[in-house]
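Secondary and tertiary structure notes
Chain residues, written in single-letter form:
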Amino acid sequence: MRTAEWNTSSSVLERAAQVLGAFRSEDRSLGVSEIARRTGLAKSTVARLTSELLRLQFLERQGSSYRLGITLFELGQMVVTPKELRRRAMGIMVDLRNATGQTVHLAVLDGTEVVYIEILRGRGAPPLPSRVGGRMPAHATAVGKAMLAFSPPAVADEILAAGLQKVAPGTITDEDALQKELVEVAAIGLAYENNESAPGSSCVASPVLDSGGALVASLSVSGFVGLLDVDRVGPAVRTAALALGRQLPRNSALIED
C-alpha cells in the first residue's frame, strides 16, 4: 500500500527526477540497485518509479537494466532557449574555431553550474571533461567565471554557500580569491582558466550579453596550458561574444522565428 508521501505530487516528481538524474554520460544502462545507491532512494521506490518511467517511455529496458528513453530526446529537441541560442551562435563559433584552431564552448549558467549548449572541438585540443548537455561547477571554469562576474551578487553568494569544490589542481577554492577574480573579470570582460577544470587545460571566456545588457551565456576558447596564447585569443573571444550579443533582443527569451 502506497504511503501519503508517495502519493504527494511534488514527492513523486522529485523522486522521478532523481532517478533520471542518476544517469551519467558514460552509462549505457543502470539497474535498480545502482539507481537506488546513487539516489539514496529505497529499491522498492526505484522499482515503482522505473516502471512508470518505462511506461511513459522516459526509460527503456535493456535486459534487466534501464537506459534513458526516446521521449527525453524528443522533449530535449523542443527546448527553445538552448536550440535558438545555438542556432544564432553557430556561425560565430565556427569562425572563432577557424581563427584560433582551438576548441570553442558555448555555455549558460544554471544555479551554481554551467551547462554546455555547444562545443566545437579543435584539432589537437586537450581532453576536456566538457560535453554538450554536460555540467561543471561554475567557479571551476572560465565560462562560469565570465557569467558569475556579470550576474547579481546573490548568484555568487549561492556558489560560495555551497562550497568551492576542487575539480582539478588549479581550481579556485578560496572565497576571497574567487571574489577578487570576479571583480577583475567584470572590469575587462574576460575570464581566464589554467588547470582549473582539467589538468593541462587553459581557457579564456567572455560573457554574452543581449542588446539590453542582460546576461545570456558565455563563449570560450580552450587549449593546452602553455600553448594557448590567451593574450592573442582573448580579444577574438571578446569580439565574438559581443557579436553574438548584438544578435539577441533586449530581455531575450530567444523565441524561435
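Since this is a predicted model, take the numbers as computed values, not measurements.

With that settled, consider the overall build of the protein chain. A tally of helices and strands in the protein chain yields 10 helices and 8 strands. A burial count over the protein chain gives 44% of its 257 residues as buried. Restricting to contacts in the protein chain with at least 6 residues of sequence separation, those with at least 24 account for 56%. Taken as a whole, the protein chain presents about 13,100 Å² of accessible surface, with 53% of it coming from carbon and sulfur.

This part covers the nonpolar core. Membership of the largest hydrophobic core comes to 25 residues, with the highest contact counts inside it found for L85, L106, L219, V221 and L244. Contributions of two or more residues to this core are made by α6 (80-100), β3 (103-110), β4 (113-120), β7 (201-209), β8 (215-224) and α10 (230-246). For L244, the contacting residues outside a window of four places in its chain are L85, R88, A89, I92, L106, V208 and L219. Counting residues in each nonpolar core, the second largest holds 24 residues, with A107, Y116, C203 and A205 among its members.

Another point: the environment of I35. In this fold, I35 is placed in helix α3 (residues 32-39). A relative accessible area of 0% places I35 in the buried class. Between the C-alpha atoms of I35 and V19, which are 16 residues apart in sequence, the distance is 6.5 Å.

With that out of the way, let us pick up unusual backbone geometry. Positive phi, normally seen in glycine, also occurs at Q57, with a value near 65°. Looking at the element boundaries, Q57 is found in the loop between α4 (43-55) and β1 (59-62).

Moving on, we get to the packing of α3 against α4. Two elements in contact, α3 and α4, have axes whose closest approach is 9 Å; the angle formed by their N-to-C orientations is 115°. By the angle between their directions, the pair α3 and α4 is classed as roughly perpendicular. In the crossing of α3 with α4, the sense of the turn from one axis to the other is right-handed. On α4, the residues touching V32, S33, I35, A36 and T39 of α3 are K43, V46, A47 and T50. Residues of the contact of α3 with α4, tallied by class, amount to 5 nonpolar, 3 polar and 1 charged.

Attention now goes to helix α9 (residues 175-188). Taking 1.5 Å as the rise per residue, α9 with 14 residues should run 20 Å; its terminal C-alpha atoms sit 20 Å apart, in good agreement. Residues of α9 that are buried make contact with α7 (142-148), α8 (153-162) and β6 (191-194). Put simply, D174 is the residue that caps the front of α9, since its side-chain oxygen is 3.2 Å from the backbone nitrogen of D176. G189, located one to two residues past α9, shows a positive phi value of around 75°.

With respect to the helices and strands, the residue S206 is situated in strand β7. A distance of 3.0 Å separates the side chain of S206 from the side chain of R238, its partner in a polar contact. Dropping the residues within four chain positions of it, S206 is found in contact with A146, G189, L190, S218, L219, V237, R238 and A241.

Reading guide: rules and limits
- Residues numbered from 1 in each chain as written.
- Predicted model: local features only at pLDDT ≥ 70, side-chain atom pairs only at ≥ 80, totals over all residues.
- Heavy atoms only, no water.
- Helix = DSSP H or I, 4+ residues; strand = E, 2+ residues; numbered from the N terminus.
- Buried < 20%, exposed > 50% of the residue type's maximum accessible area, 1.4 Å probe, protein only.
- Contact = heavy atoms within 4.5 Å.
- Areas by Shrake-Rupley, 256 points an atom, 1.4 Å probe, with all protein chains shown as cover.
- Core = buried A, V, L, I, M, F, W, Y, C linked by side-chain atoms within 4.5 Å.
- Axes fitted to C-alpha atoms, helices over the stretch in contact; angles between N-to-C directions.
- Parallel < 35°, antiparallel > 145°, perpendicular 65-115°, else oblique.
- Left-handed = near helix turned anticlockwise from the far one by under 90°.
- Nonpolar A, V, L, I, M, F, W, Y, C, P; charged D, E, K, R; others polar.
- Expected span 1.5 Å × (residues − 1).
- Polar contact = N/O pair within 3.5 Å; in protein donor to acceptor, adjacent residues only side chain to side chain.

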